[in-house]
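Close look at the chain arrangement
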Amino acid sequence: MQVREIMTTQVIAVGPDSSARSAGQVMAHRGFAALPVVDDSRAVIGIVAEADVLRGRLQQDPRLHQRRDGPHGAIPPLLVSGVMTTAVRTVLATADVADLTHVFLDEGLRSVPVLEDERLVGIVSRRDALRALARSDDEIGRDVRRLVDSYTGRTDEWTVTVTEGVVDLRRPVAMSPEAPAADSADEDADTVETLARTVPGVVAVRLHLEARPSA
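About the thresholds
- Numbers given to residues run from 1 along each chain, matching the order in which its sequence is written.
- Where totals are concerned, whole chains, interfaces and linings use all residues; where local detail is concerned, this predicted model gives features only for residues with pLDDT of at least 70, and gives and counts side-chain atom pairs only at 80 or more.
- Excluding hydrogens and water, the side-chain values take into account all heavy atoms of the structure.
- Each helix corresponds to a stretch of at least 4 residues labelled H or I by DSSP, and each strand to a stretch of at least 2 residues labelled E; elements are numbered beginning at the N terminus.
- For the exposure calls, accessible area comes from a 1.4 Å probe over protein chains only, and a residue counts as buried if that area is under 20% of its type's maximum, exposed if over 50%, partly exposed in between.
- Whether two residues are in contact is decided by their heavy atoms: any pair within 4.5 Å suffices.
- Areas reported here follow the Shrake-Rupley algorithm with a probe of radius 1.4 Å; residue values treat only the protein chains shown as occluding.
- Only when DSSP finds a minimum of two bridges between them are two strands counted as paired.
- Within this document, salt bridges are pairs made up of a side-chain nitrogen of Lys or Arg and a carboxyl oxygen of Asp or Glu, the two lying within 4 Å of each other.
- Confidence scores per residue from the predictor, reported as pLDDT, run from 0 to 100.
- Here, patches come from residues exposed beyond 30% relative accessible area and free of salt bridges, joined within 9 Å for like charges and within 5 Å for nonpolar side chains (Val, Leu, Ile, Met, Phe, Trp, Tyr).
- By construction, the arc corresponds to the directions joining the helix axis to the C-beta atoms.
- Take the residue count of a helix, subtract one, and multiply by 1.5 Å to get its expected span.

Some points on the overall build of the chain
Helices and strands together make up the secondary structure of the chain, namely six helices and eight strands. Ordered by position from N to C terminus, the α and β elements of the chain give α-β-β-α-β-α-β-β-α-α-β-β-α-β. By residue count, 34% of the 215 residues in the chain fall in the buried class. Long-range contacts, defined as pairs at least 24 residues apart, comprise 59% of the intrachain contacts of the chain with a sequence gap of at least 6. On the chain, roughly 13600 Å² of surface is accessible, and the fraction owed to carbon and sulfur atoms is 50%.

Right, here's the structure in full:
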C-alpha cells in the first residue's frame, strides 16, 4: 500500500511570511497538529506545529503570581518564518505505508508532508494509516477479489476469505505422483499474493494451494 492511497490531498499550507497567530488559529479550528510551510513553488521549506505557536505567546496572569515588578516577556516572533522548524521529515507519495508507520512510531510524529517531484501534494497522518486498518473485511475482500479476478481473467479460480484483515487465498492445484505438492511451482500464486498485499487494510496474506490428483 502506497502513501498516495491514504494521504489527504486537500492540504492547508502556509507561507513563511504568514502570521504565526493565524497559523495557530487554523490548527485550533481545523484540529491540525502542524502545518507545512511552502515557498511560491510549493516546495516544503519548513513545518509549524502547535508547540511552535504556543511558545512564549501566553502571558502569565498577574493575579496568580506574587511578583508584579519583574520584566515583561519579549514579543515573540510574529511570522511563521520566526517559529517554524526547517528540518522537516517528508515522505514520497510512492512510499510504502508500512515503512511510514515505523517513522510515526519511532520518531513520535503525528503527520508528515507528502512530496511528488519535490513539491507538496498531500499530507499523511497516523489517523490516515489507522483508517486503512479500520476498513471492514467485506470491503477488503471485494478489493482483493477484484484484483485477483482482473489478473487471472477468471472468477472461479481463487477463493478469497478475509477475517480481521487476514486474507486467505485458496486454489486447488492438480498434482501428479511425479510432481508432489511440495515441489510444484505455481507462478500465479506469488503474483496473486503480492496483489492482495497492496489492498488497504490487509494485515496478512496466507496462501493455500490445495493439492488434488490430476486427471
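Regarding the pairing of strand S4 (residues 111-116)
By the criterion of burial, S4 is predominantly enclosed, with five of the six residues buried. In this sheet, S4 lies alongside strand S3 (residues 91-92) in parallel orientation, the contact comprising two bridges. Along S4, the bridge assignment pairs Val 91 with Val 114. Of the pairings in the sheet, the one linking S4 to strand S5 (residues 119-125) comprises six bridges and is antiparallel in character. When the bridges of S5 are listed, Ser 111 appears paired with Ser 125.

Focus on the pattern of salt bridges
Taken as a whole, this structure holds eleven salt bridges when the rule is applied. Among the salt bridges present, the one from Arg 146 reaches Asp 143, with a minimum N-O distance of 4.0 Å. You can see Arg 146 and its partner Asp 143 sitting in helix H5 (residues 137-152), three residues apart, about one turn around the helix. Asp 149 is paired through a salt bridge with Arg 145; the nearest N and O atoms lie 2.9 Å apart. Separated by four residues within a single helix, Asp 149 and Arg 145 lie in helix H5, roughly one turn from each other. Overall, Asp 149 belongs to the buried group, its relative accessible area being 17%.

Description of the sheet that holds S4
Two modes of strand pairing occur in sheets, parallel and antiparallel, and in both the strands are linked by backbone hydrogen bonds. Reading across the sheet, the three strands line up as S3-S4-S5 and stay open at both edges, with mixed pairing between neighbours. The sheet is open, and its two edges are formed by S3 and S5, each paired on a single side.

Digging into the confidence of the model for the chain
Averaged over the chain, the pLDDT score is 86; the fraction of residues at 70 or greater is 85%. Highest mean pLDDT in the chain belongs to S3 (96); lowest belongs to strand S8 (residues 204-213) (84). Scored below 50 in pLDDT, residues 181-185 shows four contacts in the model against residues more than four places distant or in partner chains.

Things to note about a nonpolar patch on the surface
On the surface, Ile 75, Leu 78 and Leu 79 cluster together into a nonpolar patch covering about 330 Å² of accessible area. Looking at the secondary structure, you find Ile 75 in the loop between helix H2 (50-54) and S3.

Here we look at the side chain of Asp 128
By secondary structure assignment, the location of Asp 128 is in helix H4 (residues 126-133). Judged by its relative accessible area of 7%, Asp 128 is buried. Contacts of Asp 128, omitting those with residues within four sequence positions, involve Ile 6, Met 7, Thr 8 and Ile 123.

What about helix H6 (residues 187-197)?
The set of residues buried in H6 consists of Ala 189, Val 192, Glu 193 and Ala 196. The buried residues of H6 occupy an angular sector of 100 degrees when projected down its axis, which confines them to one face. Exposed residues on H6 whose side chains face more than 90 degrees from its buried face are Glu 187 and Asp 190.

Focus: the pairing of strand S2 (residues 44-49)
Inspection of the sheet shows strand S1 (residues 34-38) paired to S2 by five bridges, in the antiparallel sense. When the sheet's bridge partners are listed, Ala 34 is paired in S2 with Ala 49. What sits between the antiparallel neighbours S1 and S2 is a turn of five residues, in which Arg 42 has the positive phi angle 70 degrees.

Some remarks on H5
Residues spaced three or four apart along an α-helix point in a common direction, a consequence of the helix completing one turn every 3.6 residues. Here H5 contains 16 residues, and its C-alpha end-to-end distance of 22 Å stays within 8% of the 22 Å for a straight helix at 1.5 Å per residue. Ile 140, Gly 141, Asp 143, Val 144, Val 148, Asp 149 and Thr 152 are the residues of H5 that are buried.

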